[in-house]
Amino acid sequence: MPTEYGDFELIAYDDKTRNETHLALKKGDWKKDEPVLVRVHSSCHTGDIFGSMRCDCGPQLHAAMRQIEKEGKGLVLYIQQEGRGIGLLGKLKAYKLQEQGYDTVEANLMLGFQSDQRDYGIGAQILRDLGISKMRLMSNNPKKRIGLP
């Protein structure tokens, strides 16, 4: 798939337990046990598509794609878990609370959600399927490091 950041292979994964489709944006090939540059990115319609200023999701995704292109190989794993796992509608409700001065975590808790409901188990399965056993994870979220191999 040609993008403004380079050419990638786009692979879809059907998650039958949650009835969702996750995407792997792959660049190049790697050897067994080679540490692969990886970004696990949670879907963010408002940031990735519309450029919302409430988050830095879009810039993080695009920076990862640029870095992978620069290195010539790597993977962006695009997981369907909008709004820290609360879904798009929940996220839009949280936005309303943020307009009243609450931060993301406070808004999620006020709506009856956990501060972060994302699950990285499916991501770990996809990474295994793609032959990634070691990775260089592009993330500022320590929870991702725990949930992935």
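Heads up: the structure comes first, above all this text.
Everything numeric here is computed off the predicted structure, so don't read it as measured data.

1. Quick look at the overall build of the protein chain
Argument step 1. Within the protein chain, the secondary structure is distributed over seven helices and seven strands.
Argument step 2. In sequence order, the secondary structure elements of the protein chain are arranged as β-β-β-β-β-α-α-β-α-α-α-α-β-α.
Argument step 3. For the protein chain, whose C-alpha radius of gyration is 16 Å, the value lies close to the compact-globule estimate of 15 Å for 149 residues.
Argument step 4. Projected onto its principal axes, the C-alpha positions of the protein chain cover 50 × 30 × 25 Å.
Argument step 5. Counting the 149 residues in the protein chain, one finds 44% classified as buried.
Argument step 6. Sequence-distant contacts, at least 24 apart, represent 65% of the contacts inside the protein chain between residues at least 6 apart.
Argument step 7. As displayed, the protein chain has an accessible area near 8400 Å², and 52% of this comes from carbon and sulfur atoms.
Argument step 8. Charged side chains of the protein chain number 22 positive and 20 negative; the gap between the two group centres comes to 3 Å.

2. Quick word on the environment of Ile126
Argument step 1. By secondary structure assignment, the location of Ile126 is in helix H6 (residues 121-129).
Argument step 2. Given a relative accessible area of 2%, Ile126 falls into the buried group.
Argument step 3. For Ile126 and Leu137, which are eleven residues apart along the polypeptide, the C-alpha to C-alpha distance reads 15 Å.
Argument step 4. Once residues within four sequence positions are removed from consideration, Ile126 is found in contact with Tyr13, His22, Leu77 and Ile79.

3. Quick notes on the sheet that holds strand E6 (residues 74-79)
Argument step 1. Taken together, five strands build an open sheet; the order of strands is E3-E4-E6-E5-E7 and the sheet is mixed. In the strand order of this sheet, the two ends are held by strand E3 (9-15) and strand E7 (134-137), each with one partner. The average undirected angle you get between the axes of adjacent strands in this sheet is 30 degrees.
Argument step 2. The pairing of E3 with strand E4 (residues 20-27) spans seven bridges and is classified as antiparallel. Each residue of the ladder has a partner; that of Glu9, found in E4, is Lys26.
Argument step 3. On the sheet, helix H2 (residues 57-71) packs against E4, strand E5 (35-42), E6 and E7 and is oriented at approximately 160 degrees with respect to E5.

Analysis parameters
- Going along each chain's sequence as written, the residues are numbered from 1 onward.
- Under the rules for a predicted model, residues below a pLDDT of 70 receive no local features and side-chain atom pairs below 80 are neither given nor counted, while totals for whole chains, interfaces and linings still include all residues.
- To get the side-chain values, take all heavy atoms of the structure and skip hydrogens and water.
- A run of H or I in DSSP becomes a helix once it reaches four residues, and a run of E becomes a strand once it reaches two; helices and strands are each numbered from the N terminus.
- Restricting the calculation to C-alpha atoms gives the radius of gyration, and the globule rule supplies 2.2 Å times the number of residues raised to the power 0.38.
- Buried residues are those whose accessible area, probed at 1.4 Å on protein chains only, stays under 20% of the maximum for their type, while exposed residues exceed 50% and partly exposed ones sit between those limits.
- Two residues form a contact once any of their heavy atoms are found within 4.5 Å.
- For the accessible areas, the method is Shrake-Rupley and the probe is 1.4 Å, while residue cover comes only from the protein chains on display.
- We score Asp and Glu as negative and Lys and Arg as positive, and we do not count His or the chain ends.
- The atom standing in for a charge is NZ when the residue is Lys, CZ when it is Arg, CG when it is Asp and CD when it is Glu.
- Any two strands between which DSSP finds at least two bridges are classified as paired.
- Only C-alpha atoms enter the line fits that serve as axes; for helices the fit covers just the stretch in contact. Angles between N-to-C directions range over 0 to 180 degrees.

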